[in-house]
Structure formats: C-alpha cells, structure tokens
Amino acid sequence: MQHSNVLVGITTSDDAGVYKLNETTALVQTVDFFTPIVDDPYLFGQIAAANSLSDIYAMGATPLTALNLVAFPNGKLPQEVLLAILRGGQDKVAEAGAVIIGGHTIDDNEPKYGLAVTGTVHPDRVWTNAGAQPGDVLVLTKALGTGILASAARAGLFPRGVEAAVAGMAALNAVAARVATDFTVHACTDITGFGLSGHVYEMAAGSKVSIIIDSTALPLLPEAAEAAAMGLVPGGAYANRKYLESVTFADTVPEPIRDISFDPQTSGGLLFAVPEGEAGELIKALQAAGVAMASKIGCVTSEGSGKIYVR
Amino acid sequence: MSDKIIDCRGMACPGPVISTKKAIEETDSGKITIIVDNEAAKINVTKFAAANNLGSAVESQDGHYYITMIKGTGQAVSAAGTASASYPADSVQVYLITQDTLGHGSPELGAVLIKAFMTTLLEVKPAPSVIMMINSGVKLAVNGSPVLDQLTTLAGRGVTVLSCGTCLDYYQCKTELAVGEVTNMYTIVETISQNKTVTL
C-alpha cells in the first residue's frame, strides 16, 4: 500500500524516492555505492559522490545532506587510501553545496564507497521518468562509454579515452539540472547501470510511449567505439542487452555503437524529454553553461508500451 | 608453427581479452586456443580476434567455450583471396582515401573509425603498396593529423603515400604536408585504373 504523501516510490524504477512534507516541500532520498572504478582513491571518492548526487538532480531537486557508506579492508590497505576516498567524496559534496553529516564504515575485503543523499524539491516541480510525451525530443548531457573505458583502464589500454571517461564521471550533473529548470522538462532520468538503452526503456515504459534513438547523434567518449570493437565490453553490457528485448536496431547500426548503448554507465549524464520547440534552446543553453556534450539523441514518437527503436 | 592453449576460466572481464592480446603478440604463427567460461568473455575474445584480422571458431563444451584462431596464414589467405584476376600480374594494392573520416554518418564516429582503420592497416599483411589521399583526405597527411603516426610508420615500411596537390592547395595546407609526396590527377587516374583499388 502506498502512503498518500509518497509522490515517487519503488513502483516506477525512478532515480530517487520523493515524499511530500507539506504544500511547498518534498523530501528526495537516494542511496548508491560501489567498488572502485578507478585506481586513484581521491578520484574514486569524487566519482562515487557525483554518482550518488546525480539521482537528486535527476528528480529536479537540490541536495542538502549526505551520509557516507564505506566498506574498507582495515589493516590490508593503508589508512591514507581511505582518507583519500573520503576527501574526494567530501570535496564533491561541498561542490554541490551540500554537507556530509555522518556515515558508517564496516570492515570488508574490498573497498566500497557511496552516499545516501537527501534533497528537497517543490512537490509540483518533481521531474520523474514517467512524463515523456509524444513529440518530445530527448537531450543527453554526457558522453557514453564509461563502462567500456573502465574495462580499457583495467587492460592498460586507450589512456586518452580513459582520461576523458574519468573527467566525465567526476563531473556533477548540477549545472545541467540548473539550466534545465528554465525549460519545460516532461521527464528526466540519469544514465547509470542499465546503460542508455535501459534507462530510455524505463522512461518509455513509465511514460507509456515509444522512443526512437538516433545512433549517429549519440555523444561518445573518445576511443569508446574502438575499445568496444576490441572486445573490452563489460559483462553488464551483455546482461543489459539480454534483458532489454524491447530494443531493436536498424541493420546499419554498427556493433560497437550497439555495445555502447547497453554499456553500464557510472555517474552518467541526465536525459531530458522536452517539447521539440524547446530542445534547440536547451542544448544551446547547456553548452553555453559548459555542458559541452549536450546532444539531441532521439524523440518520443507515439503512445505505446516502451518500445525502443535505434536507427 | 606452435600451438598455444590459454585457460581463461574464472577470469573477470577484461582478463580473457588481455590474455588473448598477449598470446597473439607472443605468437609469430600458429594456433591459439582460448578457453572461457561465460558468454560475455566468448563474445569479447571473438571481437578482439576480428579487430586483429584473425578469424576465429568457437566450440562449446559443458558450458565452456573453446575459441580457436590461427595467426599467420589466415591473413595471407584473406588478402590473396580477394585479388581479382582482371588486373595485370604486377598489380598492387591501392587505397584511395577521399575524406578525413571513415564512412558516412556521425563525423565524430568517422574520426574514430579512420584512426582505427589506419591502426589496423599497420597489422595487415601484405601491406598496401600505395595510399592516395584526395579532397579532405589530404588532411590526414598534414601536421596535426590524428593518424600521422600510422601513415609515417607505413611510409617507413615502403608504402607510397601520395596527396593530391590541388586538394592541399584548396585546404591551404600544402606547407603542412608531413608524410609522403604531392601528386597530380594524371598519376592518380593511372594508378587507380591499373591496380586493385579500394576507395574509402
């Protein structure tokens, strides 16, 4: 049974839960943590925090407070590593204008880090993934391929692409979210573990529409397509591909691009569904604000049941 | 010829691909068999073989995959197999490159692909004899080109690299030419009409 104050709960696979406190304020809550995706502990801390905060931005909310969730092999890794991870998280949360007010650490074989984040939003201004309408255009704010390039990093290959992927993952979605508040956002989500195709599917299914993705318009991280063609595709991408039966591809879409569309993203970009008439202005405003990769990647075609066609 | 068997069962991604890469690099010619225990690793190793111009065959046994590839003869066979009989006996392989990206569609992807193409060309045997650039293709042979290293390596191995003079003039980069020689339309027409030519 759903409480009447729950505006967004667990039934629509959205990015965060939203609970209405009163007529002007709703609480937005989310939690995410994972194992190191890069070797540098400070960067890992930054990326984990940017990733956790992203769910708040994807709901149109402002982050206020955060709690650290830490697993660390005490005695097996130097204490400086733990401190560097926490410093990375601390700096990123401060950049977001929020504050860490606590946390919990357990002893574990492999390090893990992330945060539980709380934010607020006006109850009438919540962005869900379920409001996309026929005629909307999809705008994506970060380049794709972080999972593939994390594989490349482990293989010691494609350093240029890896560097770009790390910079992208550590970047907050704050600017993109702030710019988009001046536009009519029908739906928003962030691209994470289910890959572009998976999160577009959630938006399409939640909104009961069909969506077309233009594969030639996808912003790609440098060397991501090359790395995919070499077989540096994470297992999660194949799992997403198997699960997402409602995604079909035109014959002309190259295999590496298909892989990238299923590639699990860490701290990926925001995906907005906006009216076609506003898309051009939104992209211009995003790019002017420094969100350089902002691109129109597809459109909502009709009412439907979550079919995705990639052409 | 030597046979190599690499057991990658139990390895996490991208372990099997790295092991395959190492095995291919360490083998001059011979059969390489990679054993993996999951489908993702099977597909990735197959992709890696294809990216290195090695055909591969997969056998499945008790949920494990045995991927076999042959290094050495495979490349020679495929290159010879595509040669056409209608060219003179001394016909050589020519690549005519007509733009600074590969294929039609996203220019960003095209830039990625041309780089991947040139890098792969370094591994292909026999190497082409002549690479000719026309229109925006000439930008690949000038300073700042993303594939300058690859073209320079090919030129060092005896590949003739030619850029259309009219095109260099048009893009105002003749003084920036960093690899190979300037050529003219007469030479281009003569070369492509008398040799097996791939146009990109």
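How each quantity is defined
Residues numbered from 1 in each chain as written. Chains lettered and ligands numbered in written order. Predicted model: local features only at pLDDT ≥ 70, side-chain atom pairs only at ≥ 80, totals over all residues. Helix = DSSP H or I, 4+ residues; strand = E, 2+ residues; numbered from the N terminus. Rg over C-alpha atoms; globule rule 2.2 N^0.38 Å. Buried ≥ 20, exposed ≤ 12 C-beta atoms within 10 Å, placed from the backbone. Contact = placed C-beta atoms within 7 Å. Core = buried A, V, L, I, M, F, W, Y, C linked by C-beta atoms within 7 Å. Pairing = 2+ DSSP bridges. Axes fitted to C-alpha atoms, helices over the stretch in contact; angles between N-to-C directions. Parallel < 35°, antiparallel > 145°, perpendicular 65-115°, else oblique. Left-handed = near helix turned anticlockwise from the far one by under 90°. Domains from an automatic or database assignment. Nonpolar A, V, L, I, M, F, W, Y, C, P; charged D, E, K, R; others polar.

**Student:** So what exactly am I meant to see when it comes to the overall build of chain A here?
**Tutor:** What chain A contains, in helices and strands, is 10 helices and 13 strands. For chain A, the C-alpha radius of gyration of 19 Å lies close to 19 Å, the compact-globule estimate for 311 residues. Along the first, second and third principal axes, the C-alpha set of chain A runs to 55 × 55 × 40 Å. Of all 311 residues assigned to chain A, the portion counted as buried reaches 55%. The contacts in chain A between residues at least 6 apart in sequence include a share of 86% that link residues at least 24 apart.

**Student:** Help me understand unusual backbone geometry in this model?
**Tutor:** The phi torsion of most residues other than glycine is negative, and most of the peptide bonds are trans. All names here are of chain B. Here C13 and P14 are connected by a cis peptide whose omega angle stands at 0 degrees. With respect to the helices and strands, P14 occurs in the loop between β1 (4-7) and α1 (15-26). Unusually for a residue other than glycine, N53 sits at a positive phi of about 60 degrees. Locating N53 in the fold gives a position in the loop between α2 (39-51) and β3 (56-61). Located in the positive-phi region is D62, a residue other than glycine, with phi close to 50 degrees. Relative to the elements of secondary structure, D62 occurs in the loop between β3 and β4 (64-71). Classification of D62 by C-beta neighbours within 10 Å gives exposed; the count is 5.

**Student:** Would you mind showing me how to read the nonpolar core here?
**Tutor:** Soluble globular proteins tend to bury their nonpolar side chains together. Residues and elements named next belong to chain A. Membership of the largest hydrophobic core comes to 149 residues, with the highest contact counts inside it found for M59, L149, A224, A227 and F272. Ranked by residue count, the leading element in this core is helix α1 (residues 41-58), at nine residues. In this structure, A227 is in contact with I148, L149, A152, L157, F158, G161 and L232, ignoring residues within four places of it in sequence.

**Student:** It is not clear to me how the sheet that holds β1 of chain B should be interpreted in this structure. Could you clarify?
**Tutor:** Strand pairing within a sheet occurs via backbone hydrogen bonds; the two strands may be parallel or antiparallel. Residue and element names in this part refer to chain B. Within the open sheet, the four strands sit side by side as β1-β2-β4-β3. Their pairing is mixed. In this open sheet, the two edge strands, each paired with only one partner strand, are β1 and β3. Taking the axes of each pair of neighbouring strands and ignoring which way they run, one obtains an average angle of 20 degrees across the sheet. On top of the sheet, α1 reaches β1, β2 (30-36) and β4; it is set at about 170 degrees to β2, its chief contact. α2 rests against β2, β3 and β4 of the sheet, and its axis sits at about 5 degrees to β4.

**Student:** Would you mind showing me how to read the pairing of strand β7 (residues 136-140) of chain A here?
**Tutor:** Consecutive side chains along a regular strand alternate between the two faces of the sheet. Residues and elements named next belong to chain A. The element β7 is extensively covered by neighbouring structure, given that five of its five residues are classed as buried. Residues D136, L138 and L140 point to one face of β7 and V137 and V139 to the other, with burial holding for every one of them. In the sheet, β7 pairs with strand β11 (residues 270-275) via five bridges, with the strands oriented antiparallel. In the strand pairing of β11, V139 is matched with F272. Summarising the sheet, β7 and strand β12 (residues 295-303) pair through four bridges and their orientation is antiparallel. Bridged to V137 within β12 is C299.

**Student:** Explain the sheet that holds strand β13 (residues 308-310) of chain A to me, please; I cannot follow it from the model alone.
**Tutor:** All names here are of chain A. One open sheet accounts for seven strands, arranged β8-β11-β7-β12-β9-β13-β10; its pairing is mixed. Looking at the sheet topology across the chains shown, the edges are occupied by β8 (187-190) and β10 (247-249). Pairs of neighbouring strands in the sheet enclose a mean axial angle of 25 degrees, with direction left out of account. Relative to β12, strand β9 (residues 209-213) is paired through five bridges, and the arrangement is antiparallel. Looking across to β12, one finds that S210 is bridged to S302. The sheet contacts of α1 involve β8 and β11, and relative to β8 the element is tilted by about 175 degrees. Across the sheet, helix α6 (residues 195-207) is in contact with β8, β9, β10, β11 and β13; its angle to β9 comes to roughly 150 degrees.

**Student:** For this particular structure, what's the right way to read the packing of α1 of chain B against α2 of chain B?
**Tutor:** Helix-helix packing is described using two parameters, namely the angle between the two axes and the distance between the axes. Residue and element names in this part refer to chain B. The contact between α1 and α2 brings their axes to 9 Å, and the two run at 30 degrees. The angle between α1 and α2 falls in the class roughly parallel. In this structure, the crossing between α1 and α2 has a hand that is right-handed. Packed against α1, whose contacting residues are P16, V17, T20 and K21, the element α2 presents A41, N44, V45 and F48 at the interface.

**Student:** Any chance you could explain the domain arrangement of chain B here in plain terms?
**Tutor:** Many structure descriptions define interface size as the accessible area lost when the parts assemble. Its domain assignment divides chain B into domain 1 (4-75) and domain 2 (83-199). One C-alpha centre belongs to domain 1 of chain B, the other to domain 2 of chain B; they are set 32 Å apart.

**Student:** Looking at this structure, I do not really get the packing of helix α3 (residues 146-155) of chain A against helix α4 (residues 159-170) of chain A. What am I missing?
**Tutor:** Residue and element names in this part refer to chain A. Where α3 contacts α4, the two axes come as close as 9 Å, and the packing angle between them is 130 degrees. Between α3 and α4, the angle falls in the class oblique. Along this stretch, α3 crosses α4, giving a crossing that reads as left-handed. Packed against α3, whose contacting residues are T146, L149, A150, A152 and A153, the element α4 presents G161, V162, A165, G168 and M169 at the interface. Of the residues belonging to the contact of α3 with α4, the class tally is seven nonpolar, three polar and no charged.

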